Amino acid sequence: MLRLCQITLLLAALCCAAGFHAPATAPRALGVAARARSAFAGAVARPSASRSSFAMIRPDEEPSEAFLSSWEKKPDGEKLKSPAVLIGLGAILLPFIVGIIVLGTGGFGN
């Protein structure tokens with residue numbers, strides 16, 4: 001049982017460590033972004049013909065009800081019964097539960 005707890009805790013730690021790595025950025029992409037910033041650094045924003053014809057919605061013209069998906073319309077009790085929510089909560093809470101068990105039984109190497 002202790003060996004199973006140790007393996008589970010190790011796998012949870014590896015999963016957490018794998019999810020928090022910094023993405024590698026291509027040097028070429030950084031060079032393009034730097035050139036684009038320097039090319040438009042002195043540019044002055046001018047309204048274009050196509051942009052001037054665009055009309056934004058004013059607050060008094062907004063619809064009274066926003067669009068809600070079927071998930072948002074469900075009551076909270078029904079959302080908690082969903083398998084996806086249960087799996088997500090289990091994935092978040094399981095490493096903490098296993099850690100408490102391992103620490104309570106004396107930790108590794110005993």
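Criteria and cut-off values
- Along each chain, the written sequence defines residue order, and numbers are assigned to residues from 1.
- Owing to the predicted nature of the model, reporting of local features is limited to residues with pLDDT of at least 70; listing and counting of side-chain atom pairs is limited to 80 or more, with chain, interface and lining totals taken over all residues.
- Each side-chain value is derived from all of the structure's non-hydrogen atoms; neither hydrogens nor water enter the calculation.
- Strands are runs of DSSP state E lasting at least 2 residues, helices are runs of H or I lasting at least 4, and numbering of each runs from the N terminus.
- Residue burial is assigned from relative accessible area. The probe radius is 1.4 Å, only protein chains are included, and a residue is buried under 20% of its type maximum, exposed over 50%, and partly exposed in between.
- The method behind every accessible area is Shrake-Rupley, applied with a 1.4 Å probe, and residues are considered shielded solely by the protein chains displayed.
- In what follows, salt bridge is the name for a side-chain nitrogen of Lys or Arg lying within 4 Å of a carboxyl oxygen of Asp or Glu.
- For patch building, the residue pool is restricted to those with more than 30% relative accessible area and no salt bridge; the joining distance is 9 Å between like charges and 5 Å between nonpolar side chains (Val, Leu, Ile, Met, Phe, Trp, Tyr).

Outline the overall build of the protein, listing residues and values.
For the protein, the helix and strand inventory stands at six helices and zero strands. What you see in the protein, going N to C, is helices and strands ordered as α-α-α-α-α-α. Taken over 110 residues, the protein has a buried fraction of 8%. As displayed, the protein offers around 9,900 Å² of accessible surface, 69% of which is attributable to carbon and sulfur atoms.

For the pattern of salt bridges, give the residues involved together with the corresponding values.
This structure, assessed with the given rule, holds one salt bridge. As a salt-bridge pair, R58 and D60 come within 3.3 Å of each other at their nearest N and O atoms. Here D60 falls in the exposed class, since its relative accessible area comes to 59%.

Would you mind going over a nonpolar patch on the surface in detail, with residue names and values included?
Taken together, the side chains of L80, L89, I92, L93, F96, I97 and I101 make up a nonpolar region of the molecular surface, amounting to roughly 690 Å² of accessible area. Considering each element in turn, the nonpolar patch owes the most residues, six residues, to helix α6 (residues 83-104). In this structure F96 comes out as exposed when scored by relative accessible area, which is 57%.

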